[in-house]
Amino acid sequence: MKFNLSALAVRERAITLFFIILSFIGGTYAFLSLGRAEDPSFTIRAMLVSVYWPGATVDEMQQQLADRLEKRIQEVGYVHKLDSHIRPGAATLTIEFKDYTPAEIVPDLFYQVRKRMLEESASLPEGVVGPIVNDSFSDVYFSLVALSAPGLPFRELSREAEVLRDKLSLVPGVQKAVLIADRPERVYIEFDQQKMSTLGLSAAELQQQISGFSRLIPAGQIETNGPSLALRIDARADSLAELQQLPIRVKDAIQPLGDLAKVRRGYEEPARMLARTGGMDSVLVGVVMQRGENGLQLGQALQAEIAATSARLPLGMELHQLTNQAEAISAAVDLFQLKFLVAVLVVMAVSILAIGFKAGLVVGIAIPLTLGLTFLVMKVAGINLDRITLGALIISLGLLVDDAIIAIEMMMVKMEQGMDRIKAASFAWSATAAPMAFGTLVTIAGFVPIGFARSGVGEYTGNIFWVVGSALILSWLVAVTFTPYLGVKLLKDVKAHHEDMYQKPLYLKLRSLIVWCVEQKKTVILATVLMLLLSLLAMNKLVQKQFFPSSDRPEVLVSIYLPHGTALKNTDATSRKLEQLLAGNADVRTMSAFIGAGAPRFFISANPEQPDPAFAKLLIVAQDAAARDRIMQLLQQHIDQGMFSEARIRVSRLLFGPPVPWPVSFRVMGEEPAKLREIATKVQALMVKDANIVGAHLEWDERVPVLRLKLQADTMAAYGLTATEVAQQLQLQLTGVSVSQLREDIRTVEVVARLERQQAQKAETLEIKTVRGQAVSIRQLGELKVEYEQPLLKRYNRTPYLAVVADVQGAQPNDVSNRLWQQLQELQASLPVGYKIAQAGSVEESGKADASIQKLMPLMVALMLIFIMLQMRSFTGMWMVLATAPLGLIGATLGLLIFRQPFGFVALLGMIGLAGILMRNTLILTQQVTDNLATGQSARDAVVDAAVHRARPVLLTALAAMLAFVPLTLDTFWGPLAFVLIGGVGVGTVLTLLFVPALYMQIFSRKLRHAV
């Protein structure tokens, strides 16, 4: 007796019922306890290295520092890209590791970089600060909390922010909390040059006397017969008042420091970064969530702590939560759960209407059973409910209903033919279990490239494979165990019908159509191939291409670019104008400004811009998506009217997928900056002509003025001065020099001596003290003139480059970029040796993602061939099933064109899975042909009857799947995939019923003539 799992499930009814109840309970528990997240966590394989050399030019930074450090970094394995931004006195190196770098070795790679930077620091020129390694660049801030206090000293705000940081870092689930945009406090000693000259006191002497009173130096200890006695000298100045009263020797007299210079509190000047919330200066606290934590639970815990902190804040201080990932998670999960519920109800309704209430009820019960077991598997595997897994569940919903419908429909057919319920329930196993199982495996194999793609995108979307695979396997298990049991319980015995149900008018019309396809097999095959070729052409030429779609989140990002070299205060002024424009706007929920650097990474795909005094970023959180669009329109109107002509203003939304700073970008690479400018200008001129290009520009082009003092060697010798002494005195007067430190509670405040600010604005008035105490104007020491230097240089993998970048309107970035790339080939061919143009932007990132998928295509095909061969047991049958895989392209192309959807990475995922879905149908259909032949039917009748008999379950499951995908069409992220599956499944299923019989007869015609 052959093993029959369906018969066993029906016979052991108590056990089967027990497992059904257990599945419901376990699934409900798993669903309620699953972690919630907006997006799946994945490893950002990037880090930063910063190095500073005050006074160095861009060329000196490049040759003495950047080049050395880049060589050492390239010794580390898996390095994909080194993007260096070099400015006068500073360089930032962004290191990206290859997408396929195993996540578990990334920390070790960070350590290898850190170790090499430490080794190299010993050989760097004197005066260099760093290299400083930042391996927290990839941190995503779960929440950004801003603390502001209009009218109160900023130092009080900083102290409260420190308390808040300490409190939030102790909340369970928080990895760390950090201060952002906290301005370091300073105490400035500002002296008058004329007064110092009159007193005969040099700035260097003043600096030396102040340092002597404030340095912490051990005074030794005395050993006694008892304890050791440490000797403490209590003469240090540790407060502003004590510093003002510090005695300074002037000739033969002693005067308080406060009488000689102005001593005041202040903050770092110029500031490295400023932050404002609602127009008020702020300090931010960024909270990073521990990996694997439940975002909703952490959000509740943070809200409680923030509320408690707000209640005890001093009068005048305000606390604002700028971003809260818990809200995004809740909104995303709730919306998807609603779509998911709608999809479940739609599939159940279709089943009930198509095959009757009780049979439909069996399918309706099988769906939540399968989903409950899937939730249980997700719980065990540690897979959260997020954007990807919820989408995968809806995709699964459209597929898993197939097995239940096939099983119950087969049972109904056999009961109508006179078989009793028990035998009819068991028949599903012997007739359809094997083809359903191999069809399921073929469908799952279609998602293998997604699950095992070794890339950041693959890691992000990989759970589609695991969720869909689990759901389909469990769906098969439910179909062969729980569904027969439920059928026996709910369906009533029916009398055998003397009239064949397949002789009804609708079936007879279908039979006539299939007979025509079989008789005109060559015409049908040729027409299908022609449609496939036209679809390929349309997909290539007519369907727009994209990488990842825009996010549906309510944030508006405003990037402010002023000319390189612009002072921070001028950037701040432009930012304030923009903030004032939106002040009081009802559509704005929160608004924060970051001047001198980008916003912290509050969204996984939002790379923060590197420090730059000429850059600012506004982060505006709108009330909803409609409000976001109105804000963007308002800003763009004022920008187009020239309200911010001093800057380049870019208004944008968040994007899904890997960070892409500019959608269209071309790197001009070579050694000489002047030649790079020349080539890049030609690229820009070509881009500007394209109607879809907006704001094409060079990333760096301008040169900035500098004052150069060319010292006369003989004059210097006559005054007894050296270049070092001159530079030190000028540094002290202009920028200031740290001469001491005040230790206040947990903070150390630098004491900086410098010239009064009014006197430091004019270079010609500056004076240098000689060794004889004589004051000499710097013009007496040499020639002072204005020259122009490079403000910025960028290097890509140690080669200088100049990027030409732009936004896109009315088209998809990939289409525009590829079109321009073709037009650039003539220019590319004419470039001198050592220079080249390379595509960047969306095309570069999508190419990496697509390549990681394409590498696994051979494995996918191999697995499909194995599963098909195990079921078909013939080469001809295997190739026939495989031939139906591309049929979905016809419907997918139609769906994308009709609904004007772009084809991108998400749509590609749907196309890959679609091939498995159609081959599954073909596999079950061809198995029906084989079964018909075994009963003695003629070849023609076996093929036609198989198509007619399989029409109802195939069309029903296709309709259920299409309707299940409808809620996804309203989603920004999943929309293109949904249209691909709706069009592909609909058209592909119809073609399967018509094309496969024709192909079957054509391929097997000679063999089938001898089969009877």
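Computed from a predicted structure; not experimentally measured.

S.K.: Is there a simple way to think about the overall build of the protein in this case?
M.R.: A count of helical and extended segments in the protein gives 34 helices and 30 strands. Dimensions of the protein, computed from the C-alpha atoms along their principal axes, are close to 130 × 75 × 60 Å. Out of the 1012 residues in the protein, the part that is buried amounts to 56%. Taking the contacts inside the protein whose residues are at least 6 apart along the sequence as the reference set, 80% of them involve residues at least 24 apart. Accessible surface for the protein amounts to roughly 43,900 Å². Of this, 58% is attributable to carbon and sulfur atoms. Charge-centre separation for the protein: the mean point of 97 positive side chains lies 7 Å from the mean point of 91 negative side chains.

S.K.: Would you mind showing me how to read the domain arrangement of the protein here?
M.R.: How big an interface is tends to be stated in terms of accessible area lost as the parts join. Each assigned domain of the protein is listed with its residue range as follows: domain 1 (1-33 + 362-492), domain 2 (45-139), domain 3 (202-217 + 229-259 + 704-789) and domain 4 (502-542 + 874-1011). Centre-to-centre, using C-alpha coordinates, domain 1 lies 51 Å away from domain 2. Between domain 1 and domain 2, the contact holds four residues from the first and five residues from the second. Regarding the contact of domain 1 and domain 2, the summed buried area is about 370 Å², with carbon and sulfur atoms giving 40% of it. The interface formed by domain 1 and domain 2 includes zero salt bridges. Counting every contact that joins domain 1 to domain 2 gives one residue pair in polar contact (both at pLDDT 80 or more).

S.K.: Explanation requested: the pattern of salt bridges in the structure shown.
M.R.: Working definition: two side chains of opposite charge can pair if their charged atoms are close together. A complete count under the given rule lists 43 salt bridges for this structure. A salt bridge links Arg 72 to Glu 119; the shortest N-O distance between them is 2.8 Å. Residue Arg 72 is found in helix α3 (residues 58-73), and its partner Glu 119 is found in helix α4 (residues 106-121); the two are separated by 47 residues along the sequence. You can call Arg 72 buried: its relative accessible area is 18%. According to the relative accessible area criterion, Glu 119 is partly exposed, its value standing at 42%. Close ionic contact of Asp 690 with Arg 819 constitutes a salt bridge, the shortest N to O distance being 3.0 Å. Pair noted here: Asp 690 is in the loop between α23 (673-688) and β21 (693-698) and Arg 819 is in helix α26 (residues 813-823), with a separation of 129 residues, a long-range link.

S.K.: Is there a simple way to explain the packing of helix α14 (residues 421-445) against helix α32 (residues 905-934) in this structure?
M.R.: Axis angle and axis distance: for two packed helices, these are the angle between their axes and the distance between the axes, and together they describe the pair. Contact geometry for α14 and α32: axes closest at 8 Å, N-to-C directions at 155 degrees. Judged by the angle between their axes, α14 and α32 are roughly antiparallel. Judged by the twist between their axes, the crossing of α14 over α32 is right-handed. Between α14, through Ala 431, Pro 435, Met 436, Phe 438, Gly 439, Thr 440, Val 442 and Thr 443, and α32, the contact on the second element is made entirely by Gly 916, Ile 917, Met 919, Arg 920, Leu 923, Ile 924, Gln 927 and Asp 931. Of the residues contributing to the contact of α14 with α32, the split by class is nine nonpolar, five polar and two charged.

S.K.: Any chance you could explain the pairing of strand β13 (residues 274-277) here in plain terms?
M.R.: Looking along a regular strand, one sees side chains alternate from face to face of the sheet. Alternating positions in β13 separate into two faces, Leu 274 and Arg 276 on one and Ala 275 and Thr 277 on the other, with burial throughout. Pairing analysis gives four bridges linking β13 to strand β17 (residues 588-595), with the strands arranged antiparallel. Its bridge partner being in β17, Thr 277 is matched across the sheet by Ser 592. Note: β13 against strand β14 (residues 280-289), two bridges, orientation antiparallel. Considered in β14, the bridge of Arg 276 is made with Asp 281. In textbook terms, the turn of a hairpin is the stretch between consecutive antiparallel strands, and for β13 and β14 this stretch comprises two residues, one of which, Gly 278, has a positive phi near 60 degrees.

Calculation rules
- Residues numbered from 1 in each chain as written.
- Predicted model: local features only at pLDDT ≥ 70, side-chain atom pairs only at ≥ 80, totals over all residues.
- Heavy atoms only, no water.
- Helix = DSSP H or I, 4+ residues; strand = E, 2+ residues; numbered from the N terminus.
- Buried < 20%, exposed > 50% of the residue type's maximum accessible area, 1.4 Å probe, protein only.
- Contact = heavy atoms within 4.5 Å.
- Areas by Shrake-Rupley, 256 points an atom, 1.4 Å probe, with all protein chains shown as cover.
- Lys, Arg positive; Asp, Glu negative; His and termini not counted.
- Charge placed at Lys NZ, Arg CZ, Asp CG, Glu CD.
- Domains from an automatic or database assignment.
- Buried area = accessible area lost by both parts, 1.4 Å probe.
- Salt bridge = Lys/Arg side-chain N within 4 Å of Asp/Glu carboxyl O.
- Polar contact = N/O pair within 3.5 Å; in protein donor to acceptor, adjacent residues only side chain to side chain.
- Axes fitted to C-alpha atoms, helices over the stretch in contact; angles between N-to-C directions.
- Parallel < 35°, antiparallel > 145°, perpendicular 65-115°, else oblique.
- Left-handed = near helix turned anticlockwise from the far one by under 90°.
- Nonpolar A, V, L, I, M, F, W, Y, C, P; charged D, E, K, R; others polar.
- Pairing = 2+ DSSP bridges.

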